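Observations on chain architecture
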Amino acid sequence: MAEPPKVFKEAVPKAAPGNHNSIAAQYARAKAAKESEDERKVGGILAGFGLGGESEGRRAGAKKESKGAFERLNEVKEQRFRVEWGWVVGFWVWLLCIHATGLYFFTKGFLLTRLVLEEKSSCTNPPITLNTQFQGAGTPEAGCWHPKTFDKAVVIIVDALRYDFTVLFENSTNNPSQAFHNALPFLYETAEKQPRNAFLLPFIADPPTTTLQRLKGLTTGTLPTFVDAGSNFAGTAIEEDNLLMQLKDAGRRIVHLGDDTWTALFPGYFEEGISRAYDSLNVWDLHTVDNGVTEHIMPLLSKEKRGEWDVMIAHFLGVDHAGHRYGPNHPAMTAKLEQMNVVLREVAEALDEETLLVVMGDHGMDGKGDHGGESDDEVEAALWMYSKRDVFGRTKSDYRTPPATAKERPVNQIDLVPTLALLLGLPIPFNNLGRPIEEAFAGVKGNAWENLAAVARMTAAGIKRYQAAYYVARGVDESTVDGSPKALWARAEATLGAGKRQNWKDGYTTFLAFQEETLRICRSLWARFDVPCMILGIGILAGGVLALMLYANGNSNDGDAVDDPELDRAELQLELENFAKGNATALEDETTTRLLFRGALMGSLLGVALCPAIWVMNQSENVLDFGLAVGSISGLLGVWYQDMRRRMSFANPLPTTIWGWLAVIFTVSQSIGFASNSYTIWEDSILLFFVATFGVASTFSSLRLENAADRALGIYHSVAFIVLGWAASFSKLCREEQMPYCRSTYYASATSSTSAPWQVIIPFIVAAVLPAIVKSFYTGSRSYEGLAPAWISWAFRFGLVFSAIFWTLDAADDGEWFPNFPSGLLKNIRVPIAQTVFALALVAGSIVFGYAPPCISISTTATPTPGSQITNSSGARVTILGFANAHGTRYLLLVTNILLCVLMVQKPMGAGAVSLMAWQILTLLEILDLLSLTSSPIGPIVLALLGSFHFFKTGHQATLASIQWESAFVPLHTIRYPWSPVLVALNSFGAQILAASAVPLLVLWKQKPRKKGLLRSVVTALSWHVTYYAIVCLATTMWAGHLRRHLMLYRIFSPKFMTAALVLVVVDVIGICVALVGVRFNGLSVGEVFGWA
């Protein structure tokens, strides 16, 4: 706690070195140097604090009284700060709930889940009478709805097996081969040479192309919805009718080997003791799962073990992980495909004639090895079926050779469900929408039209039954659905009634048309959006934006306060006199938070209290959802009501300065632009234009500064701001829609997910240069004092060096620089390195920031020192280096901790881009200070633009495929919740996290200790910063809802909406947990040393 100046006639206490709390003692020593003159001047100052100077005794008594009043006033101010901060945090937590509620309701209406029917197919109850009777019909032993072809089945899933991985490729100069070409020839060669025993076809997945959703489609025959993609990491058991359920009901024993996603979807289905599940999300590990499956699959195929199972499911993950880690065009992919070639050949040789072998990919992968979206490379998987018996056929002779590309003769993945069910003599699952695969039922001569018509008719009848049940469950009148396929069904039935061979072929074709039309109708039926729910979500988000803007406007400053020491002294004297008289009117709330938050609480409580009565009258919604909606809306109304009460009149809401208009233009123009798919695709280039525009505007504005030194600094920082943005733009990851007008530089190549060797140098350059850059901004305000030298030059640099070593070891592991090293050695070395960096930044860094004093240095000098705080006009002086930036330089320590965490999870190019962003943030602070824009919305908006811009520069796009899942394993050996998702979020949104953490710096930079209204200014800056993201999120929800029938909805608009929603929630959380908490610790530390304003 700062103390008032003291004068000592006899013993003068000496300050303890480094003890910032001894400022008063040093001040007293300096004042006592000139006894007569200094005593008179200090006495005058003390008199200004209410201390008399008539006599020694009276002065001593008054001094004691004043000291107590001063300290008590400081205690009251500190307590007011703590209470005010608590109200601020409460308001922001409420605002986070509003944003989450709005997103919940919009998502609930926009990304609908499919209605799951409880009905189940039965072996004895086919959807239609059989065309021909056979012995044992209606029993699993002979076949439920169709004669059984196989007793057993081995189903092998090679995760991410893209179709072009399996076809032969002719290398040429104009079209050179890639690493994945001709590495898995067994499937193609077998299908070509033994067409009666095998066939190979393109296997088209329905997006989203994530493993869990594909497994649902492969076992139920239904189409997943886009919202299911989020459950890829926390799968819930499939309860609707599916192949595995039918197998269990028929008494078949199922063995599972590999990806543990199966055990999450089908708990209790697999034989204990011989099934083996492995972790599926460790994309760094290419071999554990594959080696484990290989180790157990061959013994189970031996004659001694064949009697222990009926169906075996083996799920290999190495190809998928090689794609995620390296990309498809990498020697690691060649090695994995060659391994699969050997394994599949051995499995095929070990089969007997009663066992069907199915090999398939659940999805493909894009050019970098990622998946999740709906590009051609992501949906084009491969399907291969094999039997040692002559079973399969082709209806045309030119179908003998497998398709050269995935565009020829593709089959849908849901077609596997009826195909497997009929071949194994099982009922087709009730919810199936697929059709039988032609090659499996065409006969060895390819002319078994009666059989094809029978299986097509049985499958179509099941689809017809499901469709009718779905209409009833949804309350939809089938006659109101456009394009009803009833006529197709009637035509097909009439055609088969003649019983001629030609009619069988025509009937088969007509039943296929019926299935295709029904599938189209079901797609459109499931794409029905809950528009009222979407509008409710948009309305809540819009209300949140309005509340944020009212909050920001209510706490904005009219202008910078006058910096006059004499005026400050007079205000302090008046404040002390009022306080001594018991008049504390000056200690009113610093912000409008208490008023608005009370309105939010009262409105929400009132809404919740009235909710049951309103719901009883309505009863159209779930009571919890209804209460959530009413509570949110009434809370927003409470905020608006309180703000209107506070404002006696509404001022002009439009900006009054060019900078305010620039902030509006940046935000609004971008929000409107998201209605265009081309704008969304090229968002990174447009953000670079906005960033450069601000730099140009600040350059011209700097030319108008009167002081030559300030003018030169303004121009320098503005130009540096522009150049740094252009330098960062060289790091880019192109999305598919940008090709061929974009060239990826983030990885070694467009078909790689690893860094180029030269890129490993970047983290070392960052470790050498970035601490020096940060230091230069400290020294500019003479603040490189206190803990700053030790933390910036040593601890921060130490963490950066360790991060550079980590990514060097990662590159060495990826590139196999040391082939003689044991497998996993480099991983075991670098994981503790990453853990050390996080411990340094989060544990040691948090302790240092929490307890460190301001970055200042105190000394007594005989002459004035420029840039210091001088407490007397003559004689000996107390010099406090760093006084003019005590708040900003201390808070910057917290930002460096966050920066170190973000850099740790970024690949080399990303680390370079984030480092340039940190430099841009520091130049932005200087620009705002020189142009007196610290209270303008332009600072927080430009900071948000930087966060959004560098999101793209760190190797990300608004697509699922650009998520860098391997970041979950930077400091970990395996998946650990909740840390792995947090690490992925830190990697994906690191730029926005850094920007949100730096928001208080816009206000605190170059502010003296006893500056009034700092919390209010920080709250205002944070409000404008979050407003940008809230408006962008609101705009993307509106456009996604409006363009819900657009062809590019699920490729462009929906991923952009999800990205904007996640960013808004992340920024809200960081604003509360980092920015506001950091401001609290910062304010308490500075206030303890210098007192409170």
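Here's a quick rundown of the structure. From a predicted model like this one, the values you see are computed outputs, not experimental measurements. (Residues numbered from 1 in each chain as written. Predicted model: local features only at pLDDT ≥ 70, side-chain atom pairs only at ≥ 80, totals over all residues. Heavy atoms only, no water.)

Some remarks on the overall build of the protein chain
- Each helix and strand in the protein chain was counted, giving 35 helices and ten strands.
- When the 1093 residues of the protein chain are sorted by exposure, 58% land in the buried category.
- Of the contacts formed within the protein chain by residues at least 6 apart in sequence, a portion of 77% connects residues at least 24 apart.
- Put simply, the protein chain shows about 43300 Å² of open surface, and 59% of that area lies on carbon and sulfur atoms. (Helix = DSSP H or I, 4+ residues; strand = E, 2+ residues; numbered from the N terminus. Buried < 20%, exposed > 50% of the residue type's maximum accessible area, 1.4 Å probe, protein only. Contact = heavy atoms within 4.5 Å. Areas by Shrake-Rupley, 256 points an atom, 1.4 Å probe, with all protein chains shown as cover.)

So, the sheet that holds strand S6 (residues 355–360)
- Reading across from one edge, S4-S3-S5-S1-S6-S7-S2-S8 is the order of the eight strands in this open sheet, with mixed pairing throughout. Either end of the sheet is taken by a strand with one partner, and the two such strands are strand S4 (276–278) and strand S8 (411–412).
- Pairing between strand S1 (residues 152–158) and strand S5 (residues 311–316): six bridges, direction parallel. Directly across from Val154, in S5, lies its bridge partner Met312. (Pairing = 2+ DSSP bridges.)

With respect to unusual backbone geometry
- Across the junction of Met739 and Pro740, the peptide omega takes the value 5°, indicating a cis bond.
- Relative to the helices and strands, Pro740 resides in the loop between helix H24 (708–728) and helix H25 (761–780).
- In the segment running from Tyr977 into Pro978, the intervening peptide bond is cis, with an omega of 5°.
- Structurally, Pro978 can be placed in the loop between helix H30 (938–953) and helix H31 (979–988).
- Even without being glycine, Asn182 reaches a positive phi, approximately 60°.
- Position of Asn182 among the secondary structure elements: in the loop between S1 and helix H4 (186–193).
- Positioned with a positive phi, Lys1006 is a non-glycine residue whose angle comes to about 60°.
- We classify Lys1006 as partly exposed; its relative accessible area is 28%.

So, a nonpolar patch on the surface
- A grouping of Leu654, Ile658, Trp661, Val664, Ile665, Val668 and Ile672 is seen on the molecular surface, where their side chains present a nonpolar patch of about 640 Å² in accessible area.
- In this fold, Val668 is placed in helix H21 (residues 658–673). (Patch = residues over 30% accessible without salt bridge, like charges linked within 9 Å, V, L, I, M, F, W, Y side chains within 5 Å. Salt bridge = Lys/Arg side-chain N within 4 Å of Asp/Glu carboxyl O.)

Observations concerning the pattern of salt bridges
- Tallied over the entire structure, the rule returns 31 salt bridges.
- When the shortest N-O distance is used, the salt bridge between Asp625 and Lys108 registers 3.7 Å. Taken together, the residues Asp625 in helix H20 (residues 623–646) and Lys108 in helix H3 (residues 56–110) connect sequence positions 517 residues apart.
- We classify Asp625 as buried; its relative accessible area is 11%.
- Salt-bridge contacts for Glu966 lead to Lys907; the nearest nitrogen and oxygen are separated by 2.8 Å. Of this pair, Glu966 sits in the loop between H30 and H31 while Lys907 sits in the loop between helix H28 (886–904) and helix H29 (908–930); the two residues are 59 residues apart in sequence, bridging distant segments of the chain.

Regarding the packing of aromatic side chains
- For the structure on display, the rule yields 35 aromatic pairs.
- Judged by centre distance (6.3 Å) and plane angle (75°), the ring pair of Trp92 and Tyr551 falls under edge-to-face. Here Trp92, found in helix H3, pairs with Tyr551, found in helix H17 (residues 531–555); they are 459 residues apart in sequence, far enough to count as distant. Summarising the burial analysis for this pair, Trp92 and Tyr551 share the class buried. (Phe/Tyr/Trp six-rings, centres within 6.5 Å; stacked < 30°, edge-to-face > 60°.)

Structural notes on the nonpolar core
- Trp92 and Ile938 are the most contacted members of the largest nonpolar core, which totals 167 residues.
- The element contributing the most residues to this core is helix H35 (residues 1049–1090), with 17 residues.
- Those residues in contact with Ile938, other than ones at most four positions away along the chain, are Trp659, Leu662, Ala663, Phe666, Phe694, Leu928 and Leu933.
- Core analysis: the second largest hydrophobic core is formed by 68 residues, Leu212, Val311, Met360 and Ala456 among them. (Core = buried A, V, L, I, M, F, W, Y, C linked by side-chain atoms within 4.5 Å.)

Some remarks on the side chain of Ser752
- Structurally, Ser752 is set in the loop between H24 and H25.
- Ser752 gets classed as buried once you look at its relative accessible area, which sits at 5%.
- With residues up to four places along the chain from it excluded, the contact list for Ser752 reads Tyr326, Gly327, Gly367, Lys368 and Tyr747.

Observations concerning the state of the cysteines
- For the structure shown, the criterion picks out two disulfides.
- Here Cys123 is linked by a disulfide to Cys144, with a sulfur-sulfur distance of 1.9 Å. On the sign convention where negative is left-handed, the bridge of Cys123 and Cys144, at about -100° about the S-S bond, is left-handed. Of this pair, Cys123 sits in the loop between H3 and S1 while Cys144 sits in the loop between H3 and S1, placing them 21 residues apart in sequence.
- Of the residues examined, Cys144 reaches a relative accessible area of 2% and is grouped as buried.
- Note that Cys734 is cross-linked by a disulfide to Cys742, the S-S spacing being 1.8 Å. (Disulfide = S-S within 2.5 Å.)

Brief notes about the pairing of S5
- Burial within S5 is extensive, with six of its six residues counted as buried.
- Of the two faces of S5, both are covered, the one formed by Val311, Ile313 and His315 as well as the one formed by Met312, Ala314 and Phe316.
- Pairing of strand S3 (residues 254–259) with S5 involves five bridges; the strand directions are parallel. Bridge pairing links Leu257 to Ala314 in S5.

Quick look at the packing of helix H32 (residues 990–997) against H35
- Running from N to C, H32 and H35 cross one another at 40°; their axes reach a closest spacing of 9 Å. In terms of orientation, H32 and H35 fall into the oblique class. Seen along the crossing, H32 lies across H35 with a hand that is right-handed. Here Gln992, Ile993, Ala996 and Ser997 of H32 come into contact with H35, specifically with Val1063, Val1066, Val1067, Ile1070, Val1074 and Ala1075.
- For the contact of H32 with H35, the residue count by class is eight nonpolar, two polar and no charged. (Axes fitted to C-alpha atoms, helices over the stretch in contact; angles between N-to-C directions. Parallel < 35°, antiparallel > 145°, perpendicular 65-115°, else oblique. Left-handed = near helix turned anticlockwise from the far one by under 90°. Nonpolar A, V, L, I, M, F, W, Y, C, P; charged D, E, K, R; others polar.)

Remarks on the environment of Gly539
- Counting through the fold element by element, Gly539 comes out in helix H17.
- For the pair Gly539 and Phe105, spaced 434 residues apart in the sequence, the C-alpha separation amounts to 9.8 Å.

A word on the environment of Leu1076
- Following the sequence through the fold, Leu1076 ends up in helix H35.
- For Leu1076 and Val89, which are 987 residues apart along the polypeptide, the C-alpha to C-alpha distance reads 7.3 Å.
- When sequence neighbours within four positions are dropped, the list of residues in contact with Leu1076 reads Trp85, Val88, Val89, Trp92, Leu1022 and Gly1071.

Things to note about the pairing of strand S7 (residues 380–386)
- Buried residues dominate S7, accounting for seven of its seven residues.
- Of the two faces of S7, the one carrying Glu380, Ala382, Trp384 and Tyr386 and the one carrying Ala381, Leu383 and Met385 are both buried.
- Direction of pairing for strand S2 (residues 198–204) relative to S7: antiparallel, over a ladder of seven bridges. Bridging from a neighbouring strand, Phe203 pairs with Ala381 of S7.
- Bridge count for S6 against S7 is four bridges, and the pairing is antiparallel. If you follow Leu357 over to S7, its bridge partner there is Tyr386.

Here's the deal with H4
- The set of residues buried in H4 consists of Phe186, Leu187, Tyr188, Thr190 and Ala191.
- Lining the buried residues of H4 we find S2, helix H10 (331–350), S6 and S7.

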